[in-house]
Each structure stands twice: as structure tokens, then as C-alpha cells.
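Residue-level listing of the chains:
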Amino acid sequence: MTLTVEILGSNATAPSAAGPASGYLLRTEAGMVLVDAGPGVMAEYVSRHSLSDLRAIVVTHLHADHSLDLMAFAYRWTFPERLPRIPLYLPEEDLPRLRAFDAVFGIDTLPGMESPTHAAWDVRGLRLDGSAEEGWEELGLQLRSYRAHHPVPAACLRFSSVAEEAVVAFSGDTGHCEGLLQAAQDADVFICEATYLKADPQATDGHGHLTARMAGEAAAQAGAGHLVLSHFGLDEMRAVAGEHVAEVFDGTVSAAERGAVYGPGRVTVS
Ligand SMILES: [Zn+2]
């Protein structure tokens, strides 16, 4: 089974000339899984893919740069035609805030739009305890979620083929923590946030983010094969972030670029 990741967006905070905020597409023979839906991600997705190819959506946490386009996807899921119902996963402790998101943007006079995300998808909670989440067998995948270090409930994700011959991990937003290392353990491809090149401890250990160097240290500790740095605070970081990792990680390193596809044993740009 092949398991690859296409980068839809790799910015922290907001879209820029380099593309959307956070969004990734996990691709398997059985279909595709959207991981995070920051602003700009839906436009990027529909520029290359059909919505009917999505089999599930996973949102690591409810910060706007990872989830704002969920509402755009939800509107489109309902109108002009209703698209197939698929699962939406997000940290279960934040399911009430998804209801609040619906309360802001629901349209009471259009049937099915009163509660857009719940009308569109089968909403399921991520447990963040490392156990295998339910509902992934059809895609030939296993998903485990781990608790990230961030100010809202947030997931580090570990996707694997059932036989674990291919593992793709996502840090989401996080400071250094055990959940990050567990998700990334021996991952073939590790998409890891590198919000900063330099940061004070309040930004990293206090709030919960990583520098590029810290991402490299986590990749080395976890034994990851290919580290893909992402969630850049500034566009210019893509050109230099790899240099900050070289001292601490001796595997393959890439800086996530919109449209790039990464997978075990190969790197291509579509
Ligand atoms: Zn965040």
C-alpha cells in the first residue's frame, strides 16, 4: 500500500504568497484524507482534486489557521448538491466548540444549513490517548492520536497502513512533549511544525510551538526517516529552516512547499 502526503498549505497564522495556512492531503489507493483546513486550503484543494475523492477529514485543533475553512467545506458539502457523508474527526474535548462554530454560521431558513458541519459530516471525537481510533479499516489505515502541548485540546497524529509498513505522522501545533514523540516514532514521513527559527521559552514551552531546530531534535529522538518542516511563521523560513536542523538530525529534511508530495522512499513535486 502506498501512503503519500500532498502539501496544500504550510503557513502558520494565515495564507501568504507561499500559499494557504495549514492543510495536508493524505493519499492512499482507497481515497484521500484531509488533515487540517486552515484558510486557503479549500481553494487549493479544489484546484487539483474532486471533493468526492475525500473519505475523511481530521482537524488537529480548533485554532483558525487549522480549521477556518471547515465552514467553507461544510457549506459546499450541502449546496448546490449534497455530497456523501464522511467522518470529521477533531479532539473530543472540543466538540462543544464545533457546535458554537455552527451556531455562528448556521442558516436557519435553508434546510440542512442550520448546523453546517454536523449536517455535512459524521462528527467524531479524537481521544488523544494513543489508542486506535475507530472507522479507518475501510481505508486500510490505522489512526492513533496523542495529546499535543498547546493551549487548546490538540492532536499529534500517527497514520499507518494496517501492517505498519508505512507510517506518516503529523505534529499539528505543539511544544515538545511525549505525545509528539509517540506519534512520530519511526515514522517514514514526519510533518512537523517549525513555527520559528528562534523563540523564547514562553513561545515554545509556554504557549506550545517548536523552532526548526526543536523539530529536528524531535525527529531524531523519534527515529523518523524524512522530516518535512511546516507551519512556517514567515515565508522566508522555507529557504533556511533546513540549515537549522542539520546539526541535530541526519535523516532527509524538506521544507514543505505547496503542491509537493512526500512519501516513503520518494519525493516529488506535482
Ligand atoms: Zn494552534
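For the structure itself, consult the block above.
Source: prediction; values computed, not measured. (Residues numbered from 1 in each chain as written. Predicted model: local features only at pLDDT ≥ 70, side-chain atom pairs only at ≥ 80, totals over all residues. Heavy atoms only, no water.)

A. The arrangement of the coordination of the zinc ion in detail. For the zinc ion, the full set of protein donor atoms is His61 (NE2), His63 (ND1), His150 (NE2) and Asp173 (OD), at a range of 2.2 to 2.3 Å. Around the zinc ion, the four donor atoms sit at angles spanning 91 to 166°, and that spread fits a shape best called irregular. Here the donor residues of the zinc ion are spaced in sequence according to H-x1-H-x86-H-x22-D. Of the two residues, His63 is situated in the loop between strand E4 (54–58) and helix H2 (64–67) and Asp173 in the loop between strand E10 (167–170) and helix H6 (178–184); the sequence distance between them amounts to 110 residues. Residue classification places His63 among the partly exposed residues on the basis of a relative accessible area of 23%. (Donors = N, O, S within 2.8 Å, 3.2 Å for Na, K, Ca; no water. Tetrahedral: all angles 85-135°; square planar, octahedral: opposite > 155°, others 65-115°. Helix = DSSP H or I, 4+ residues; strand = E, 2+ residues; numbered from the N terminus. Buried < 20%, exposed > 50% of the residue type's maximum accessible area, 1.4 Å probe, protein only.)

B. The arrangement of helix H3 (residues 70–78) in detail. Among the residues making up H3, those that are buried are Leu70, Met71, Phe73, Ala74, Trp77 and Thr78. End-on view of H3: buried residues confined to an arc of 160°, all on one side of the axis. (Arc of directions from axis to C-beta.)

C. Region of the structure containing the packing of aromatic side chains. Within this structure, the stated rule accounts for seven aromatic pairs. With centroids separated by 5.6 Å and ring planes inclined at 75°, the aromatic side chains of Trp136 and Phe159 adopt a geometry described as edge-to-face. In this pair, Trp136 is assigned in the loop between strand E7 (129–132) and strand E8 (141–147) and Phe159 in strand E9 (residues 155–161), connecting sequence segments 23 residues apart. Of the two residues, Trp136 and Phe159, neither departs from the other in class, the shared state being buried. Put simply, the rings of Tyr24, Tyr89, Trp136, Phe159 and Phe170 pair up and form one aromatic cluster. (Phe/Tyr/Trp six-rings, centres within 6.5 Å; stacked < 30°, edge-to-face > 60°.)

D. Spatial organisation of the pattern of salt bridges. Inspection of every chain in the model, using the stated rule, returns eleven salt bridges. With a closest N to O distance of 2.8 Å, Glu44 and Arg48 form a salt bridge. Here Glu44 pairs with Arg48, and both are found in helix H1 (residues 41–48), just four residues apart, close to one helical turn. Each of Glu6, Arg27, Glu44, Arg48 and Arg258 takes part in one network of salt bridges that share partners. (Salt bridge = Lys/Arg side-chain N within 4 Å of Asp/Glu carboxyl O.)

E. Molecular detail of the nonpolar core. Counting residues in each nonpolar core, the largest one holds 31 residues, and the members touching the most others are Leu180, Phe190, Leu227, Leu229 and Phe232. Elements supplying a minimum of two residues to this core: E10, H6, strand E11 (189–193), helix H8 (212–222) and strand E12 (226–230). The element best represented in this core is H8, accounting for six residues. Leu229 has contacts with Cys192, Ala194, Ala212, Ala215, Ala241, Gly242, Val245, Val253, Ser254, Ala255 and Ala256, leaving out every residue within four places of it along the chain. Judged by nonpolar contacts, the second largest core, of 28 residues, contains Val5, Leu128, Phe159 and Ile191. (Core = buried A, V, L, I, M, F, W, Y, C linked by side-chain atoms within 4.5 Å. Contact = heavy atoms within 4.5 Å.)

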